[in-house]
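Topology and contacts: notes
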Amino acid sequence: MLKGIKSENRRQVLRTLILLGAFTLVLAVIKTVQIMLAIAEGKRHGPPPEAVTTVIAAKDRWRNTFTTVGSFSANKGATLSTEGSGNVVRIGFESGAKVVEGQILIELDRSVEEANLQGAVARLDLAKQNLTRAQTLRTQSAVSAANFEDAQARAKQAESDVRSIQGAIERKTILAPFTGRAGIRTVNVSQYVTAGTPLVPLYSVDPIHFNFSAPQNVAPALRDSKEQVQIFVDAFPGRVFAGSVTAVNPNVSEVTRSVEVQATIDNQSEDLLPGMFGEVRIELGEFKEVVALPVTSIQYAPYGNSVYVVQPQEEQVGQAVEEDAANRAPRLAKVRQQIVQLGDRRGDFVAVLKGLKGGEEVVTLGTFKLRPDAMVMIMSDQSVPASLNPDVKNS
């Protein structure tokens, strides 16, 4: 009897295992069918289109642009000092004020020299009188030639003494050698100064010069020319200062293989100061035809730079959205990857020399999400503006 019961239990366990296996097999078959259907559905519809913006590639005529940095220097500049020593008795300007040529800036005590001048003038008058008498007596042969020549020498010596003292007095007066703006004076009234002591800097900054270096391959285009330049200064963001090349050194540095260039800029407002740092841009050479694209359109890669070009299609896969020019509605399209050769960059644009034609529609934003023959949704109302001169404010 016990043997029959154990046999019945074994059959029960076996039936349970068979049912579980069958159920597991059915589930596996169902899931396999579902996965295969999902794969087929994915292959049929493909991935969803990526949202991008586009631009129509436009033809333009550009010249080669040379960009470098440099610094400003004064048209005229000097730190004034005195050739003599003495106490300061007068200061004829205020620090930072504009002065004109010939204006008295600083006077030193010259009382001793003026007293000496009076004595020298008196001796000169006496020497001239003695010379006049000697000339009269000489015509009457009443004086020897030696005495006459001695009178002449004494008169010249007295005249030389007067001029020497007058020069010493003039050196005690510091005049503005040119019209400009004075800096901060380093002396005060009653202060004793010695010869060579710096007194005040003086600069003329209208116009002002901008000095920079250019490589030797650019030097021939700058030599004997009046090329226009644009200068950008960090102290004045959004402003461009226009000028022209006025001087080019006739020699090339053996160390840097570059040539020193000087441009001149109007500076009536005196915003630009000597020593300021700036960036200069110069257009050189002949105009050449290029296709200009925003820099955001370019996919840079070691094996070659590329862009994604929109392909017009008669039939779109999936639900197509027709372009509405009036409402700038989004539309579906397919893109292809195109290798391009790039040229100069100007502002937010870069020149395409080969690989693209004017009038083709190119993706500007969203290129990192794309692959060849991908579907895209062109969002015409979400494009980012680009400018050839982004550093200059539009007024």
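Parameters and conventions
- All residue numbers refer to position in the chain's written sequence, counted from 1.
- Residue-level local features of this predicted model are given only where pLDDT is at least 70; pairs of side-chain atoms are given and counted only at 80 or more, and the full residue set underlies all totals for whole chains, interfaces and linings.
- Remark: hydrogens and water are excluded; side-chain values derive from all non-hydrogen atoms of the structure.
- A run of H or I in DSSP counts as a helix once it spans at least four residues, and a run of E counts as a strand once it spans at least two, with each numbered from the N terminus.
- By this rule, a helix spans an expected 1.5 Å times one less than how many residues it contains.
- Only protein chains enter the accessibility calculation, which uses a 1.4 Å probe. A residue is then buried if its area is under 20% of the maximum for its type, exposed if over 50%, and partly exposed in between.
- Contacts are assigned to residue pairs that have any heavy atoms within 4.5 Å of one another.
- When two rings of Phe, Tyr or Trp (its six-membered ring) have centres within 6.5 Å they constitute a pair, described as stacked for plane angles under 30 degrees, edge-to-face for angles over 60, and tilted for the intermediate range.
- We call a charge positioned over a ring when the NZ of a Lys or the CZ of an Arg lies within 6 Å of the ring centre and within 35 degrees of the ring normal.
- Patch definition: residues above 30% relative accessible area lacking any salt bridge, with like charges linked at up to 9 Å and the nonpolar side chains Val, Leu, Ile, Met, Phe, Trp and Tyr linked at up to 5 Å.
- Calculation of accessible area relied on Shrake-Rupley with a 1.4 Å probe; when residues are assessed, cover is drawn exclusively from the protein chains displayed.
- Just to be clear on terms, a salt bridge is a Lys or Arg side-chain nitrogen sitting within 4 Å of an Asp or Glu carboxyl oxygen.
- Here the nonpolar core consists of buried residues drawn from Ala, Val, Leu, Ile, Met, Phe, Trp, Tyr and Cys, with membership extended through side-chain atoms lying within 4.5 Å.
- The criterion for strand pairing is that DSSP finds at least two bridges linking the strands in question.

Here we take up helix 2 (residues 111-139). A rise of 1.5 Å per residue sets the reference length of helix 2, with its 29 residues, at 42 Å; its end C-alpha atoms lie 43 Å apart and thus fit the reference within 8%. For helix 2, the full list of buried residues reads Glu113, Leu117, Ala120, Leu124, Ala127, Leu131 and Ala134. Against the buried residues of helix 2 lie helix 3 (145-171). Backbone geometry just after helix 2 places Ser141 at a positive phi near 55°.

For any two aromatic rings, the description comes down to two numbers: the centre-to-centre distance and the angle of the planes. Within this structure, the stated rule accounts for 3 aromatic pairs. Taking the centre distance of 6.0 Å and the plane angle of 40° together, the rings of Phe210 and Phe212 count as tilted. Residue class for Phe210 comes out buried when judged on its relative accessible area of 0%. A ring pair is formed by Phe236 and Phe241, whose centres lie 5.9 Å apart and whose planes are at 70°; its orientation type is edge-to-face. Aromatic ring contacts, followed pair by pair, group Phe72, Phe210 and Phe212 into a single cluster. In this structure, Arg239 packs its charged tip against the face of Phe236, placed 5.3 Å from the ring centre. The side chain of Arg281 reaches across the aromatic face of Phe232, ending 4.3 Å from its centre.

Let's shift gears to a nonpolar patch on the surface. Residues Phe23, Val26, Leu27 and Ile30 make up a contiguous nonpolar surface patch of roughly 370 Å² in combined accessible area. The exposure class assigned to Leu27 is partly exposed, which follows from its relative accessible area of 41%.

So, about the nonpolar core. Core analysis: the biggest nonpolar cluster contains 26 residues, and Phe72, Ile231, Leu272 and Ile282 have the highest contact counts within it. Broken down by secondary-structure element, the contributors of at least two residues to this core are strand 2 (58-81), strand 9 (198-215), helix 4 (219-222), strand 10 (228-232), strand 11 (241-248), strand 12 (258-265) and strand 13 (277-294). Once you skip the residues sitting within four places of it in the chain, Ile282 turns out to touch Asn64, Thr65, Phe66, Phe212, Leu222, Glu227, Gln228, Val229 and Val245. Counting residues in each nonpolar core, the second largest holds 17 residues, with Leu108, Ala182, Val187 and Val200 among its members.

Attention shifts here to the sheet that holds strand 5 (residues 104-108). The strand order across the open sheet formed by 4 strands is 6-5-3-8, and the pairing between neighbours is antiparallel. A strand with exactly one partner marks an edge of an open sheet, and here the two such strands are strand 6 (173-175) and strand 8 (192-193). Of the pairings in the sheet, the one linking strand 3 (residues 86-91) to strand 8 comprises 2 bridges and is antiparallel in character. Each residue of the ladder has a partner; that of Asn87, found in strand 8, is Tyr192.

Looking now at helix 3. End to end, helix 3 covers 39 Å across 27 residues, agreeing with the expected 39 Å (1.5 Å per residue, within 8%). For helix 3, the set of buried residues is Phe148, Ala151, Ala155, Ala158, Val162, Ile165, Gly167 and Ile169. Structurally, helix 3 contributes buried residues whose contacts are with helix 2 and strand 6.

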